[in-house]
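Chain residues, written in single-letter form:
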Amino acid sequence: MTDLFSVRGKTVLVTGGSRGIGLMIARGFVRAGADVIISSRKAEVCVAVARDLSAEGRCAAIPADLSRDAGAEELAAAVRDRTDRLDVLVNNAGATWGAALEDYPESAFDKLWAVNVKAVFRLTTALLPALRAAADPDDPARVITIGSVDGIRVPTMEVYAYSATKAAVHMLTRTLAHRLAGEQITVNAIAPGPFESRMMAFALDDPATRAAIEQQIPLGRIGRPEDVAGTAIYLASRAGAYLTGAVIPVDGGLTTHG
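One structure accompanies this document, and this report is about it. (Residues numbered from 1 in each chain as written. Predicted model: local features only at pLDDT ≥ 70, side-chain atom pairs only at ≥ 80, totals over all residues. Heavy atoms only, no water.)

1. A look at the overall build of the protein
- On a plain count of helices and strands, the protein comes out with nine helices and seven strands.
- Whereas a compact globule of 258 residues would reach a radius of gyration of roughly 18 Å, the protein reaches 17 Å, a difference of no more than 12%.
- Counting only C-alpha atoms, the protein reaches 50 × 40 × 40 Å along its principal axes.
- In the protein, which comprises 258 residues, the share counted as buried stands at 51%.
- Look at the contacts in the protein between residues 6 or more apart in sequence, and 70% of them connect residues 24 or more apart.
- Accessible surface for the protein amounts to roughly 11900 Å². Of this, 53% is attributable to carbon and sulfur atoms.
- When the 27 positive and 29 negative side-chain charges of the protein are each reduced to one mean point, those points stand 3 Å apart. (Helix = DSSP H or I, 4+ residues; strand = E, 2+ residues; numbered from the N terminus. Rg over C-alpha atoms; globule rule 2.2 N^0.38 Å. Buried < 20%, exposed > 50% of the residue type's maximum accessible area, 1.4 Å probe, protein only. Contact = heavy atoms within 4.5 Å. Areas by Shrake-Rupley, 256 points an atom, 1.4 Å probe, with all protein chains shown as cover. Lys, Arg positive; Asp, Glu negative; His and termini not counted. Charge placed at Lys NZ, Arg CZ, Asp CG, Glu CD.)

2. Some points on the environment of leucine 89
- You can see leucine 89 is positioned in strand β4 (residues 88-91).
- Look at leucine 89 and you get buried, because its relative accessible area is 0%.
- The spacing of leucine 89 and aspartate 103 is 14 residues in sequence and 36 Å in space, taken between C-alpha atoms.

3. A short note on helix α1 (residues 20-31)
- An ideal rise of 1.5 Å per residue puts 16 Å on 12 residues; α1 measures up with 17 Å between its terminal C-alpha atoms.
- Counting buried positions over the 12 residues of α1 gives 10, a clear majority of the element.
- Taken residue by residue, α1 has Gly20, Ile21, Gly22, Leu23, Met24, Ile25, Ala26, Gly28, Phe29 and Val30 as its buried positions.
- A positive phi of about 95 degrees marks glycine 33, the residue just after α1. (Expected span 1.5 Å × (residues − 1).)

4. Digging into the side chain of threonine 15
- Within the secondary structure layout, threonine 15 lies in strand β1 (residues 11-15).
- Judged by its relative accessible area of 2%, threonine 15 falls in the buried class.
- Of the polar contacts made by the side chain of threonine 15, one reaches the backbone nitrogen of asparagine 92; its length is 2.9 Å.
- With residues near it in sequence (within four places) discarded, threonine 15 still touches Ser39, Leu66, Leu75, Val90, Asn91, Asn92, Ala93 and Leu123. (Polar contact = N/O pair within 3.5 Å; in protein donor to acceptor, adjacent residues only side chain to side chain.)

5. Description of the pattern of salt bridges
- Summed over all chains, the structure comprises 14 salt bridges.
- Where arginine 58 meets aspartate 35, a salt bridge forms, and the shortest distance between an N and an O atom there is 2.2 Å. Of this pair, arginine 58 sits in strand β3 (residues 58-61) while aspartate 35 is found in strand β2 (residues 35-39), placing the two residues 23 residues apart along the sequence.
- The salt bridge partner of aspartate 69 is arginine 122, with a shortest N-O separation of 3.1 Å. Of this pair, aspartate 69 sits in the loop between β3 and α3 (71-82) while arginine 122 is found in helix α4 (residues 106-126), placing the two residues 53 residues apart along the sequence.
- By relative accessible area, which is 54% here, aspartate 69 ends up exposed. (Salt bridge = Lys/Arg side-chain N within 4 Å of Asp/Glu carboxyl O.)

6. Description of unusual backbone geometry
- Phi is positive for glutamine 184, which is not a glycine, with a value near 60 degrees.
- Structurally, glutamine 184 is set in the loop between α6 (160-180) and β6 (185-192).

7. Section: α3
- End to end, α3 covers 17 Å across 12 residues, agreeing with the expected 16 Å (1.5 Å per residue, within 8%).
- Within α3, the full set of buried residues consists of Gly71, Ala72, Leu75, Ala76 and Val79. The buried residues of α3 occupy an angular sector of 130 degrees when the element is viewed end-on, so they sit on one face.
- On its buried face, α3 sits against β1, β2 and α4. (Arc of directions from axis to C-beta.)

By themselves, these observations are geometric and do not establish any function.
So this is what it looks like as C-alpha cells:
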C-alpha cells in the first residue's frame, strides 16, 4: 500500500507554489520524496520558499509571471532546460476579484481569464513534450488543475469573474482529459473549499466570519494543508492512475448544499 500511494522520485511542477494552496501541495510533494519545482510571479519570494522547502527534501524555483502572454512559454522553456520529462504538472496559479455587481469591472474578467484559464491551457500545451516523455500505460503523466467550489456552486460572495473562470477550468480539465487520455496523460481538477490562504484571509481572519463559514461546512472546519496535499498526491500516485476528467471537491461537504 505504501508503493500504491508513492510519488517518490517523480518530477513535479507546481505553479503558484510559493503560498496558499500551491505551497500546501508543493510541501506535501517535497515531504513525499518528489523532485519539486515551484513557480510564482515574485522571484525573491519564490526562491526563498524553495530554499525553505529544500530543508525537507528537493525543491527548486523557477519564477514566472503567468499573467503575461509569453509567461507560460517562458516557464515551459525553463522547465525543459532543467529536465526532459515532467511526471506531474499542478496548474495552481490563479487570481480572484470581488466587487459589487454594478461596480464589477470588465478588467476583472480580462485579468482572471488570462491567469485562471488561458495560462492553464498555454502551460499545459507547452509542456506536452515533457509530459509525453514521462507517460507510461501503467503510470501516466498527470496534470492537476486547481479549480474551486465557487466554480461548482453559486458563491455567497460577489466574485463573478472568479467563479466563471473556475467553472471554465473545470470544463477545460474535462476536455483536456478526453483529448490526452490516448497519450497516457491524465487530467483532473481539485476544487478546494475554504482553506487558510491570502485569498481567504479577509474572511477567515475575522472570528465571526470564520465561524459563519465553518457553520456552512458539513464537516465543521476549514481545510487543512494535508487535505489538499493528500488529494494531489493521490492523483499523482499509482492509486490515481485510472482516474481522468474528474473534478474533486475538497470542501468538507460544502458543495453537498448544491
